[in-house]
Every structure is written in structure tokens, then in C-alpha cells.
Amino acid sequence: MSITATRMEFRPQPRQFAAAPAEHRQPVLRSVRTLASDSLFHGATEIGIEHRGSLYRLKITRQGKLILNK
């Protein structure tokens, strides 16, 4: 008499969570002071920011993104 063992693999399935309906979502409260970039740049594409004795440059790229360099 021979007994043959079979090997079973367990592969857990990733869990999927449903997003909460819009009426149950909480609004995001922003407590950060916000400034419009136009009020900082005044038509320029680069400004200097002095911070703790160092000069940083904030630039608007051709794609309209912001880059901060030291």
C-alpha cells in the first residue's frame, strides 16, 4: 500500500476595500497658511528666499511646476 501526498499551496488574495460614499467622506481641513504663487512672483519666474542665513531659489519651470534649490 502506498500513500501519495499532495502538496497544496496557499496563496492569499489581496484585500479590496470599497471607497466610502461621498456623503460619508470628511472634508479636508487646511490649517496651512496658503499664498497664491502670483502674489509671490509678480510676473517673474524666480524668487530668492532667505532662510537661516542661506539663500534658496524658488523657480517656475516651463511646465509650470515649482522647484526649490539651495
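Everything discussed here concerns the structure shown above.
So, a few notes on the structure that sits alongside this text. Since the structure is predicted, the reported quantities are computational estimates derived from the model, not experimental observations.

### Some thoughts on the sheet that holds strand β1 (residues 46-51)
Argument step 1. Ordered by their spatial adjacency, three strands build an open sheet running β1-β2-β3, and the pairing between neighbours is antiparallel. Either end of the sheet is taken by a strand with one partner, and the two such strands are β1 and β3 (66-69). The sheet shows a mean angle of 25 degrees between the axes of neighbouring strands, direction not considered.

### As for the pairing of strand β2 (residues 54-60)
Argument step 1. As judged from the six bridges shared by β1 and β2, these two strands associate in the antiparallel manner. Bridge assignment links E46 to a residue of β2, and that residue is K59.
Argument step 2. Where β1 hands over to β2, the hairpin turn is made up of two residues, of which R52 adopts a positive phi near 50 degrees.
Argument step 3. Bridge count for β2 against β3 is four bridges, and the pairing is antiparallel. Across the sheet, residue K59 finds its bridge partner in β3, namely I67.

About the criteria used
Residues numbered from 1 in each chain as written. Predicted model: local features only at pLDDT ≥ 70, side-chain atom pairs only at ≥ 80, totals over all residues. Heavy atoms only, no water. Pairing = 2+ DSSP bridges. Helix = DSSP H or I, 4+ residues; strand = E, 2+ residues; numbered from the N terminus. Axes fitted to C-alpha atoms, helices over the stretch in contact; angles between N-to-C directions.

So far we have only geometry, and geometry alone does not tell us how the molecule works.
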